[in-house]
Amino acid sequence: MQFLDAINFSFPLLASTTEAADSSMVVAAVLLSLVVIYFASKVGGELSNRIGLPPVLGELVGGVVVGVSVLHLLVFPEGGTDSSNSLIMAFLQTTAGLTPEAAPQVFAAQSEVISVLSELGVIILLFEIGLESNLKDLMAVGIQATIVAVVGVVVPFAAGTVGLMTLFGIGAVPAIFAGAALTATSIGITSKVLSEIGKLNSKEGQIILGAAVIDDVLGIIVLAVVASLAKDGAVDVGKVIYLIICATAFLLGAIVLGNVFNQAFVAIANQLKTRGELVIPAFIFAFAMAYLAAIIQLEAILGAFAAGLVLEETDKRKELQKQVIPVADLMVPIFFVAVGAKTDLGVLNPAIPSNREGLIMAIFLITVAILGKVITGLSVFGQPQINRLAIGVGMIPRGEVGLVFAGVGAASGALSKPLGAAIIMMVILTTFLAPPLLRFVFPDSSKVATESEQLIKD
């Protein structure tokens, strides 16, 4: 599968490492890793939520704390570390009798398993996002939101890619990947803040939310194209056109399929009487679509997203959304914590001369990320009294969508350590800045939400 190739999965390697290592030790190492991951995600998410920020940002920061940047509890071979750098391996040697000679094999197998679980987590995340993205809403947001979304994708992507290539001498593929990470917009963060300040149902709020939804779809298509380019390490214009056509046709085909498949899916689910009668067939469909996307040289996550769009149209969508949430709660934090754990923020330490270029790249990406979205407000036409600055600011936060770009880019090997860390810093800062800036650009944001807005919030 192309997707597995992109993230350097090697199931034969997994088999050989687990055969060479004591399987009980591998299981113990994986269990300890999951304890660390879930603890970091919960503590980080709770602290982030208490200060009014999205929990996913806390999960990322929790991963940074337990990972290669701070505690070395969760480290991976692709980061240049080995078993001697892992505190989990040291703990197993002290408490479970793991020998120093066997530690490298156990470490390799444990890292492989966690990486597989992490990628399953992002597939489930995109399936969940698809389930929450109503096709009718996507088509009803109007020309204003569509223009804002397109400008919000094209401007930061072009500015980021060209700037990295000309100012820093970055290669085409990593520069395109970093530029693609700048295109994302987190609809969850923006909608939460708009609801809190009573602007969710305003003209500005509707344009922001509509554009953010379209941004997600465009961003996933861009991610599928860019991740496929990362496999070859070079930009082939013909292949780019092929991938764009395939990704667009894939999503449009999923929409058409939804009209045919919906009734059949509901009929099958109604005939099943054992546990998981709804959620298991849904995941069978999601994973089958993910596989189909992978074999036509797209990303598996695009297939999962398309599956979510299809099943969102069924009569059982609300029940399915509720049943998918616990699965996502279990798997998705593994992805976000792993992304944070693999991020070495030490490469941005200005005290080390060789790191200063990475820090300058981070400043450049943050500047492009903010200005590239703020300028989208200028594209709104025919609305003389509308708050264009507020629309631009509402598009700033990257949130979980930006982290998906960073995680896939790092796993594919397309991003260097400084560039990967710079993207993570861009995601963190834009996500931190968006809530207070949104409150600032709406001059009457302190008023209580109207009754209709409160109903939407509820």
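Quick caveat: nothing in here was measured; it's all calculated off a predicted structure. (Residues numbered from 1 in each chain as written. Predicted model: local features only at pLDDT ≥ 70, side-chain atom pairs only at ≥ 80, totals over all residues. Heavy atoms only, no water.)

**A few points about the overall build of the chain**
Okay, so step 1: Regarding its fold elements, the chain presents 20 helices and zero strands.
Okay, so step 2: Expressed as a percentage of the 458 residues in the chain, the buried residues total 55%.
Okay, so step 3: At a minimum sequence separation of 6, the contacts of the chain that also span at least 24 residues come to 80%.
Okay, so step 4: As displayed, the chain offers around 19200 Å² of accessible surface, 67% of which is attributable to carbon and sulfur atoms. (Helix = DSSP H or I, 4+ residues; strand = E, 2+ residues; numbered from the N terminus. Buried < 20%, exposed > 50% of the residue type's maximum accessible area, 1.4 Å probe, protein only. Contact = heavy atoms within 4.5 Å. Areas by Shrake-Rupley, 256 points an atom, 1.4 Å probe, with all protein chains shown as cover.)

**With respect to the environment of Leu164**
Okay, so step 1: Looking at the secondary structure, you find Leu164 in helix α8 (residues 142–167).
Okay, so step 2: Residue contacts for Leu164: discarding those within four places in its chain leaves Gly169, Ile170, Ala175, Ala178, Met361, Phe364, Leu365 and Leu419.

**A look at the confidence of the model for the chain**
Okay, so step 1: Averaged over every residue, the pLDDT of the chain is 79; the share at 70 or more is 85%.
Okay, so step 2: Within the chain, the lowest mean pLDDT, 41, falls on helix α1 (residues 2–6), and the highest, 92, falls on helix α3 (residues 23–50).
Okay, so step 3: Scored below 50 in pLDDT, residues 1–19 makes 37 contacts in the model with residues more than four places away or belonging to other chains.
Okay, so step 4: Low pLDDT, under 50, characterises residues 445–457; the predicted model gives this stretch 16 contacts beyond four residues in sequence or across chains. (pLDDT = per-residue confidence, 0-100.)

**Observations regarding a nonpolar patch on the surface**
Okay, so step 1: On the surface, Val61, Val65, Val70 and Leu71 cluster together into a nonpolar patch covering about 280 Å² of accessible area.
Okay, so step 2: Position of Leu71 relative to the elements: it lies in the loop between α4 (55–66) and α5 (87–95). (Patch = residues over 30% accessible without salt bridge, like charges linked within 9 Å, V, L, I, M, F, W, Y side chains within 5 Å. Salt bridge = Lys/Arg side-chain N within 4 Å of Asp/Glu carboxyl O.)

**Regarding the pattern of salt bridges**
Okay, so step 1: Considering all chains together, one arrives at two salt bridges under this definition.
Okay, so step 2: Its salt-bridge partner being Glu46, residue Lys42 comes within 3.9 Å of it at the nearest N-O pair. You can see Lys42 and its partner Glu46 sitting in helix α3, four residues apart, about one turn around the helix.
Okay, so step 3: Relative accessible area serves as the criterion here: at 54%, Lys42 is assigned to the exposed category.
Okay, so step 4: For Glu312, the salt bridge goes to Arg317, with nearest N and O atoms at 3.8 Å.

**Notes on helix α13 (residues 279–295)**
Okay, so step 1: The end-to-end C-alpha distance of α13, which contains 17 residues, comes to 24 Å, matching closely the 24 Å that a straight helix rising 1.5 Å per residue would cover.
Okay, so step 2: Every buried residue belonging to α13 is among Val279, Pro281, Ala282, Phe283, Phe285, Ala286, Met289, Ala290, Ala293 and Ala294, and all of these are buried.
Okay, so step 3: With its phi angle positive at about 70°, Gln297 sits one or two positions after the end of α13. (Expected span 1.5 Å × (residues − 1).)

**Quick notes on unusual backbone geometry**
Okay, so step 1: Phi at His72 is positive, roughly 60°, even though this residue is not glycine.
Okay, so step 2: Looking at where His72 falls in the secondary structure, it is placed in the loop between α4 and α5.
Okay, so step 3: In this structure His72 comes out as partly exposed when scored by relative accessible area, which is 24%.

**A closer look at the nonpolar core**
Okay, so step 1: Leu126, Phe127 and Leu164 are the most contacted members of the largest nonpolar core, which has 120 residues in total.
Okay, so step 2: Sorting elements by how many residues they give to this core places helix α6 (residues 103–132) first, with 14 residues.
Okay, so step 3: Discounting chain neighbours no more than four positions away, the residues touching Leu126 are Ile220, Ile301, Ala304, Phe305 and Val404.
Okay, so step 4: Counting residues in hydrophobic clusters, the runner-up holds 20 residues, among them Val148, Ile391, Val393 and Ile396. (Core = buried A, V, L, I, M, F, W, Y, C linked by side-chain atoms within 4.5 Å.)

**Quick word on the packing of α4 against helix α15 (residues 317–342)**
Okay, so step 1: Packing of α4 against α15 leaves a shortest axis separation of 6 Å and a crossing angle of 45°. The angle between the axes of α4 and α15 places the two elements in the oblique class. Regarding α4 and α15, the two cross each other, and that crossing is right-handed. Along its contact with α4, which presents Val56, Glu59, Leu60, Gly63, Val64 and Val66, the element α15 presents Pro333, Phe336, Val337, Val339, Gly340 and Ala341. (Axes fitted to C-alpha atoms, helices over the stretch in contact; angles between N-to-C directions. Parallel < 35°, antiparallel > 145°, perpendicular 65-115°, else oblique. Left-handed = near helix turned anticlockwise from the far one by under 90°.)

**Points about the side chain of Ser41**
Okay, so step 1: One can find Ser41 in helix α3.
Okay, so step 2: Classification of Ser41 as buried rests on a relative accessible area of 7%.
Okay, so step 3: Not counting residues within four places of it along the chain, the set of residues in contact with Ser41 comprises Glu59, Pro333 and Val337.

**Considering the side chain of Ser379**
Okay, so step 1: For Ser379, the position within the fold is in the loop between α16 (356–374) and α17 (388–394).
Okay, so step 2: Within the structure, the side chain of Ser379 is placed 2.5 Å from the backbone oxygen of Thr376, a separation counted as a polar contact.
Okay, so step 3: If we ignore the near neighbours within four places in the chain, the residues touching Ser379 are Ile147, Val148 and Val151. (Polar contact = N/O pair within 3.5 Å; in protein donor to acceptor, adjacent residues only side chain to side chain.)

**A short note on the environment of Leu117**
Okay, so step 1: Tracing the backbone shows Leu117 in helix α6.
Okay, so step 2: Along the sequence, Leu117 and Ala338 sit 221 residues apart, while their C-alpha atoms lie 9.8 Å from each other.
Okay, so step 3: In this structure, Leu117 is in contact with Leu34, Met331 and Ile334, ignoring residues within four places of it in sequence.

**Things to note about α3**
Okay, so step 1: Compared with an ideal rise of 1.5 Å per residue, which puts 28 residues at 40 Å, α3 spans 40 Å between its outermost C-alpha atoms and is within 8% of the ideal.
Okay, so step 2: Taken from the residues just after α3, Gly52 is the one with a positive phi, measuring 85°.

**As for the packing of aromatic side chains**
Okay, so step 1: All chains considered together, the criterion is met by four aromatic pairs.
Okay, so step 2: A connected cluster of aromatic rings, assembled from ring pairs, spans Phe127, Phe283 and Phe287. (Phe/Tyr/Trp six-rings, centres within 6.5 Å; stacked < 30°, edge-to-face > 60°.)

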